[in-house]
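Each chain is listed here by its residues.
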Amino acid sequence: MLTVLLILIPLITGLITFGLKGPGAKVMSLLSSLATLVIAVIAWLQFQTAPEALRFTESWIPQLGSQFNVGLDGMGMMLCLLTAISFPLIFITVFRREYDRPGAFYGLMLLSQAGLIGVFTAYDALLFYAFWELALIPVYFLCSMWGGERAVPVTFKFFVYTFTGSLLMLVGIIYIYFQTPDHSFSWTAFTTLHLSSGEQSWLFWLFFVAFAIKMPVFPFHTWQPDTYEQSPTPVTMVLSGIMVKMGLFGVVRWLLPVLPQGAYMWQEAAIVLSVIGIIYASCIAIMQSDLKRLIAYSSIAHIGLMSAAIFANNEQSLQGVQVQMFNHGINIIGLWMLVEVIQDRLKIKDMNGLGGIATHAPKLAVMLVIVSLANIALPLTNGFIGEFLMFSGLFQYNPWFAAVAALAIILAAVYMLNMLQKVIFGESNTLTASTVDLKGGEMLAIALIAAVIFVLGVYPKPLLELVHGTTALVNATAWVK
Amino acid sequence: MNALITTAVFGIVLMFVGLFVKNRQHIKYYAIAGTIIAFIANWYDAQLAGGGTVVLHGMIEVSRFSVLFNAVAIASTFLYFVLCGSSFEKVGNDVADYFALIFFILSGITLTASFSNLLMLFLAIEILSIPQYILAGADKKNLKSNEASLKYFLMGSFTTGILLMGIALIYGATGSFSLREMSLGTGDISPLALCGIILTGFALAFKVSAAPFHFWTPDVYDGSPTVFTAFMATVVKAAGFIAFMRLFHVSFAGGNLSQHWQLIIALITASTLLIGNFTAVFQQSVKRMLAYSSIAQAGFMLFAIVALNETAAQGIILYAVAYSVATIGIFAILLKLKDYTFDGYNGLARREPLLALVNTIFLLSLAGIPLTAGFFAKYFVLSAAVQQGNLLWLVILAVLCAAISAYYYFRVIIAMYFKSGEAETTEPITTGFKSALVIGAAVIILLGVFPNLVLQFL
């Protein structure tokens with residue numbers, strides 16, 4: 001029942017928020033997201049004692065054998081927590097901003113939260129597909145309506161990319177559905193089914209393309225930098241912090257257990273694409289002078305590493321990926337928050353026009369340094385443990401891939417430190433001299449993020465234990481060699 | 001049976017209503033009452049048939065499937081009258097006659113779902129075609145309307161000839177007109193019968209505007225008065241598919257007979273999908289875009305004919321509901337606008353937020369986004385084809401086309417929400433109109449979450 005509540009609270013409050021006017025909308029959405037967070041924490045406590053109690057099954061479309069089947073495993077719980085933590089933080093950061101038609105804005109935000117939690121909890125393939133699209137539609141409207149001047153065509157490109165991918169996945173789901181003996185969409189039926197290696201080989205691509213577009217993995221990434229740049233920042237936080245995890249999540253929850261042989265056959269191809277993406281995106285990030293695009297490309301590089309580690313598919317790499325999903329979400333949301341503050345104060349995002357913020361806004365500068373270093377995965381920050389595990393997993397699979405991918409660490413240091421130098425150090429100009437430091441809600445949200453960065457950097461054990469069950473499960477599924 | 005009788009009777013009644021009712025605005029209430037009575041009468045057929053099938057003199061059979069489809073068609077017509085009924089009087093003076101003609105079309109539609117004899121099929125197709133030729137030309141002083149009518153009539157009667165030829169050849173080969181009794185054999189087939197099957201297939205493909213027999217569609221749909229296009233492109237088209245599917249599944253699919261024609265229909269499906277979707281992308285007028293979209297949607301409905309199984313029957317019913325309700329709604333909103341191009345929608349969300357929201361739901365349903373009825377409609381027809389096994393190439397092609405279709409449906413959404421302008425309406429939007437639209441949208445969403453609300457009757 002708790003799991004259903006996690007979906008229902010944002011769904012219902014989201015619909016109510018549509019009718020609210022003025023400041024009522026943001027208060028409502030903040031309260032709603034806090035309520036979701038409380039439920040998520042209660043679910044987490046229950047998960048440690050009795051995870052089975054979080055399962056909820058109800059008949060949905062009996063003619064098809066599809067059920068409303070939701071539940072939580074370690075990875076699902078972790079991502080639900082990430083979603084539940086992120087939304088209140090996002091709402092706090094933008095609490096002082098005024099959006100045109102606030103009812104619609106916050107309503108759509110909450111609907112996308114419902115869709116995201118639905119994706120992370122669905123144990124029925126058709127339900128998974130429905131939530132997968134439900135999460136996309138509100139984001140489409142959010143980006144187009146409140147985004148930058150090029151937002152409409154850019155967001156439409158994003159929509160068409162993901163819609164095409166998910167339709168291919170739908171064909172895959174329908175095909176597997178007809179192969180199951182009792183014609184069922186349930187995760188159990190899908191994973192216990194034995195498909196021939198020929199079938200798995202082409203089914204792999206139907207699923208992989210859908211997930212790769214969402215992550216995004218090279219060469220399916222072209223929608224991403226434009227969309228991140230043009231979206232309003234709260235939406236970019238949702239997109240980059242949580243939504244890209246849908247792709248990674250999809251691979252771990254559905255692709256690897258359902259098509260183990262297919263994944264094995266195309267393992268190397270997938271890793272090569274991911275590694276190309278890492279290097280390519282890192283190099284472009286170095287050349288960027290636009291703050292938002294820099295972070296967008298840095299995100300492609302990080303996601304590429306996670307994708308490579310998933311397909312390396314051993315215990316360490318999978319543990320690393322899941323830990324990193326959480327930490328990357330936290331870090332990138334922190335980065336966007338700071339960019340949002342800079343853009344709000346100075347109205348520019350070109351790094352060449354910035355400089356010397358450290359002297360005028362010391363709190364902002366310190367926070368930017370902390371979050372940036374976490375993004376480079378410096379030891380004692382939360383990014384370190386995940387990247388370490390992923391690299392050692394990738395090394396076990398093939399040292400050469402690990403070596404090439406490790407270049408990403410160096411390149412990440414280059415572009416992040418370069419960014420820091422241009423933005424907060426150096427000579428201040430007339431514009432940056434007037435920078436106002438972090439205030440109330442912003443300070444609170446970013447301080448909380450910094451706290452998470454340090455706590456999980458020093459003591460990642462709860463996170464590792466949470467996701468261990470999923471790792472063991474994926475490793476146990478037939479990995480025929 | 002009841003549905004056939006009541007709709008035919010109401011056709012005649014409406015003609016007399018035109019003589020006696022002086023206020024032309026009141027005529028539509030008689031028509032709405034007519035659909036309600038026809039709906040109830042049709043429901044009594046379900047009691048009559050129970051779970052099984054009642055055959056009348058080897059001509060008509062009343063089954064759960066036919067009753068369900070009649071119910072869908074009559075309910076869609078009801079929605080159509082409520083939403084568009086007041087636009088009839090703008091076309092011309094003979095308002096009552098237009099309603100009467102639509103009731104005659106409806107009686108043809110009820111026959112398409114229940115014929116069990118090739119002669120009845122021919123009658124059904126003719127009864128629903130001839131009033132359409134008249135409606136297409138209802139705007140007598142408009143050249144385009146005249147052109148549409150003439151074009152439709154000439155092409156339509158030509159295909160009627162082809163249909164008759166096909167029926168004659170089949171009769172020659174089997175010696176029977178009856179759907180269930182004609183024996184085309186199970187393995188080898190005589191060339192005579194095969195020609196008959198292919199000719200009837202082509203004729204029906206023309207009626208449902210499948211490529212390459214679709215050339216009449218854009219001109220006729222564009223030229224006809226918009227209010228009648230809304231009906232021709234939705235309920236009537238769905239009826240054509242029901243006739244197509246019944247004929248091919250009942251009579252032409254015994255044993256491995258289907259292998260003789262399956263590839264041809266599959267190729268027709270593929271070309272319909274490609275031509276419909278690609279051409280719709282380039283349209284500037286929403287009315288013409290909807291004409292091509294109706295061809296594209298026909299491509300999806302053809303899946304139900306290619307795939308020979310239970311899922312296909314469920315899919316076509318669901319598709320009929322989802323497609324008819326959504327398209328009628330979009331046309332009803334289009335009718336209220338001054339400018340039929342995409343720019344005519346600019347800024348509608350600011351002026352009429354409810355209209356824009358409802359229109360968005362309809363468009364999303366046509367694009368096949370989950371949690372709308374359109375998704376499950378597409379889902380069922382596609383999964384029918386996947387179940388068939390050897391049609392996977394067609395399914396992949398179809399989903400790629402579905403992604404293309406998102407482009408032109410979203411153009412309307414983009415115009416409504418993200419472009420600034422003064423979407424001008426020809427008349428003030430009444431509360432009654434809005435509430436009817438909201439009911440239509442609610443049906444779309446409800447069926448998108450619980451498709452078994454309809455399927456349980458099958």
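Let me begin by describing the structure that accompanies this report.

Basis of the calculations
Residues numbered from 1 in each chain as written. Chains lettered and ligands numbered in written order. Predicted model: local features only at pLDDT ≥ 70, side-chain atom pairs only at ≥ 80, totals over all residues. Heavy atoms only, no water. Helix = DSSP H or I, 4+ residues; strand = E, 2+ residues; numbered from the N terminus. Buried < 20%, exposed > 50% of the residue type's maximum accessible area, 1.4 Å probe, protein only. Contact = heavy atoms within 4.5 Å. Areas by Shrake-Rupley, 256 points an atom, 1.4 Å probe, with all protein chains shown as cover. Lys, Arg positive; Asp, Glu negative; His and termini not counted. Charge placed at Lys NZ, Arg CZ, Asp CG, Glu CD. Axes fitted to C-alpha atoms, helices over the stretch in contact; angles between N-to-C directions. Parallel < 35°, antiparallel > 145°, perpendicular 65-115°, else oblique. Left-handed = near helix turned anticlockwise from the far one by under 90°. Phe/Tyr/Trp six-rings, centres within 6.5 Å; stacked < 30°, edge-to-face > 60°. Lys NZ or Arg CZ within 6 Å of the ring centre and 35° of its normal. Polar contact = N/O pair within 3.5 Å; in protein donor to acceptor, adjacent residues only side chain to side chain. Nonpolar A, V, L, I, M, F, W, Y, C, P; charged D, E, K, R; others polar.

### A short note on the overall build of chain B
Then, number 1: Scanning chain B from N- to C-terminus turns up 19 helices and two strands.
Then, number 2: Along the first, second and third principal axes, the C-alpha atoms of chain B reach 65 × 50 × 45 Å.
Then, number 3: Scored against the burial criterion, the 458 residues of chain B give a buried share of 64%.
Then, number 4: Excluding contacts between residues fewer than 6 apart, the proportion of contacts in chain B whose partners are at least 24 apart in sequence is 80%.
Then, number 5: Carbon and sulfur atoms form 67% of the exposed surface of chain B, whose accessible area is close to 15,600 Å².
Then, number 6: Of the side chains in chain B, 23 bear a positive and 19 a negative charge, and the two mean positions are spaced by 5 Å.

### Overview of the packing of helix α14 (residues 315–346) of chain A against helix α19 (residues 440–458) of chain A
Residue and element names in this part refer to chain A.
Then, number 1: Across the interface, α14 lies against α19 with an axial gap of 10 Å and an inter-helix angle of 150°. Taken together, the axes of α14 and α19 lie roughly antiparallel to each other. For α14 against α19, the interelement crossing comes out left-handed. Contacts between α14 and α19 involve Phe-326, Asn-327, Ile-330, Asn-331, Ile-333, Gly-334, Met-337, Leu-338, Val-341 and Arg-345 on the former and, on the latter, Glu-442, Ala-445, Ile-446, Ile-449, Val-452, Ile-453 and Leu-456.

### Some remarks on the packing of aromatic side chains
Then, number 1: As enumerated under the stated definition, the model contains 70 aromatic pairs over all chains in all.
Then, number 2: Here the aromatic rings of Phe-185 of chain A and Tyr-379 of chain B are separated by 6.1 Å at their centres, their planes lie at 55°, and the arrangement is tilted. With one member in each of two chains, Phe-185 of chain A in the loop between α6 (151–179) and α7 (187–192) and Tyr-379 of chain B in helix α16 (residues 373–388) form a pair that bridges those chains.
Then, number 3: Summarising the aromatic geometry, the rings of Tyr-152 of chain B and Trp-216 of chain B are spaced 4.8 Å apart at their centres and angled 10° between planes, so their arrangement reads as stacked. Highlighted residues: Tyr-152 of chain B in helix α7 (residues 143–174) and Trp-216 of chain B in helix α9 (residues 216–223), separated in sequence by 64 residues. For the pair Tyr-152 of chain B and Trp-216 of chain B, a shared accessibility class is recorded, and that class is buried.
Then, number 4: These aromatic residues form a ring-pair network of at least three members: Trp-60, Tyr-129, Tyr-177, Phe-178 and Phe-185 of chain A together with Phe-375, Phe-376, Tyr-379 and Phe-380 of chain B.
Then, number 5: Its end group placed over the ring of Tyr-123 of chain A, Arg-55 of chain A keeps NZ or CZ at 4.1 Å from the ring centre.

### Here we look at the side chain of Ser-129 of chain B
Then, number 1: With respect to the helices and strands, the residue Ser-129 of chain B is situated in helix α6 (residues 118–136).
Then, number 2: Here Ile-125 of chain B takes part through its backbone oxygen, which lies 2.7 Å from a polar atom of the side chain of Ser-129 of chain B.

### What to know about the packing of helix α1 (residues 2–18) of chain A against helix α2 (residues 24–49) of chain A
Residue and element names in this part refer to chain A.
Then, number 1: Packing of α1 against α2 leaves a shortest axis separation of 9 Å and a crossing angle of 180°. Relative to α2, the element α1 lies roughly antiparallel. Contacts from Leu-2, Leu-5, Leu-6, Ile-9, Pro-10, Thr-13, Ile-16 and Thr-17 in α1 reach Ala-25, Met-28, Ser-32, Ala-35, Thr-36, Ile-39, Ala-40, Ile-42, Ala-43 and Gln-46 in α2.
Then, number 2: When the residues that make up the contact of α1 with α2 are grouped by side-chain class, the tally is 13 nonpolar, five polar and no charged.

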